[in-house]
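One-letter residues, chain by chain:
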Amino acid sequence: MAKLKTLEDLFEHQLKDLYSAEKQGIAALTKMIKATEDEKLKGAIETHLEETRAQKDRLEKVCELVGTSPGRMKCKAMEGLVEEGEETIEEDATPEVKDAGLIASIQRMEHYEIAGYGTAAHFAERLGHAEAAKLLRQTLEEEQKTDTLLNDLAKSYINEKAE
């Protein structure tokens, strides 16, 4: 593992971590769609899966802009969150409870990404990477929007159905 000596090194490390997180998220969301019963929730996850694919592509562009490669790093935090989501899929639960659990799992993943993108966008701004910062903020806003949508679905009726 390369030593992180500068904020630029740390920024590039963050980009690689986020890239791995997005790739893992794509695989996880694909599985979660199959496990979801509620049609509105399934649609929200499908929409976010497409968005996540675009976010992965956007990260590749950010890496290109700042002169680094997304690399082959493995985001251990997302790996753990994905594992927890898979446990939710495998639970012996009613469809309503499973849907509520899947929302919780996806929101944990979103919160991790929100923290990561917020940090990376700040680093990019600080380092003078204006275009990269703009792209990272775009993804941050998408992640926040997804989190709000999932929260609204849970609070409006999914959690109630799971009672």
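Up top is the structure these notes are about.
Figured I'd write up the structure that's included with this text. (Residues numbered from 1 in each chain as written. Predicted model: local features only at pLDDT ≥ 70, side-chain atom pairs only at ≥ 80, totals over all residues. Heavy atoms only, no water.)

## Considerations on the packing of helix α1 (residues 7–35) against helix α2 (residues 39–66)
In step 1: Contact geometry of α1 with α2 gives a least axis separation of 9 Å together with a crossing angle of 155 degrees. One element, α1, and the other, α2, form an angle in the roughly antiparallel class. Crossing angle aside, the handedness with which α1 passes α2 is left-handed.
In step 2: In terms of residue class, the contact of α1 with α2 is made up of 13 nonpolar, four polar and eight charged. (Axes fitted to C-alpha atoms, helices over the stretch in contact; angles between N-to-C directions. Helix = DSSP H or I, 4+ residues; strand = E, 2+ residues; numbered from the N terminus. Parallel < 35°, antiparallel > 145°, perpendicular 65-115°, else oblique. Left-handed = near helix turned anticlockwise from the far one by under 90°. Nonpolar A, V, L, I, M, F, W, Y, C, P; charged D, E, K, R; others polar.)

## A closer look at the side chain of E12
In step 1: Mapped onto the secondary structure, E12 falls in helix α1.
In step 2: Nearest to the buried, unbridged E12 among oppositely charged side chains is K16, at 5.6 Å.
In step 3: When residues no more than four places from it in sequence are discounted, the contact partners of E12 are V66 and T68. (Buried < 20%, exposed > 50% of the residue type's maximum accessible area, 1.4 Å probe, protein only. Lys, Arg positive; Asp, Glu negative; His and termini not counted. Salt bridge = Lys/Arg side-chain N within 4 Å of Asp/Glu carboxyl O. Contact = heavy atoms within 4.5 Å.)

## Digging into the side chain of R58
In step 1: Residue placement: R58 occurs in helix α2.
In step 2: Given the relative accessible area of 12%, R58 is considered buried.
In step 3: A polar contact of 2.5 Å, which involves the side chain of R58, links it to the side chain of T139.
In step 4: Residues in contact with R58, not counting those within four places in the same chain, are L135, Q138, T139 and E142. (Polar contact = N/O pair within 3.5 Å; in protein donor to acceptor, adjacent residues only side chain to side chain.)

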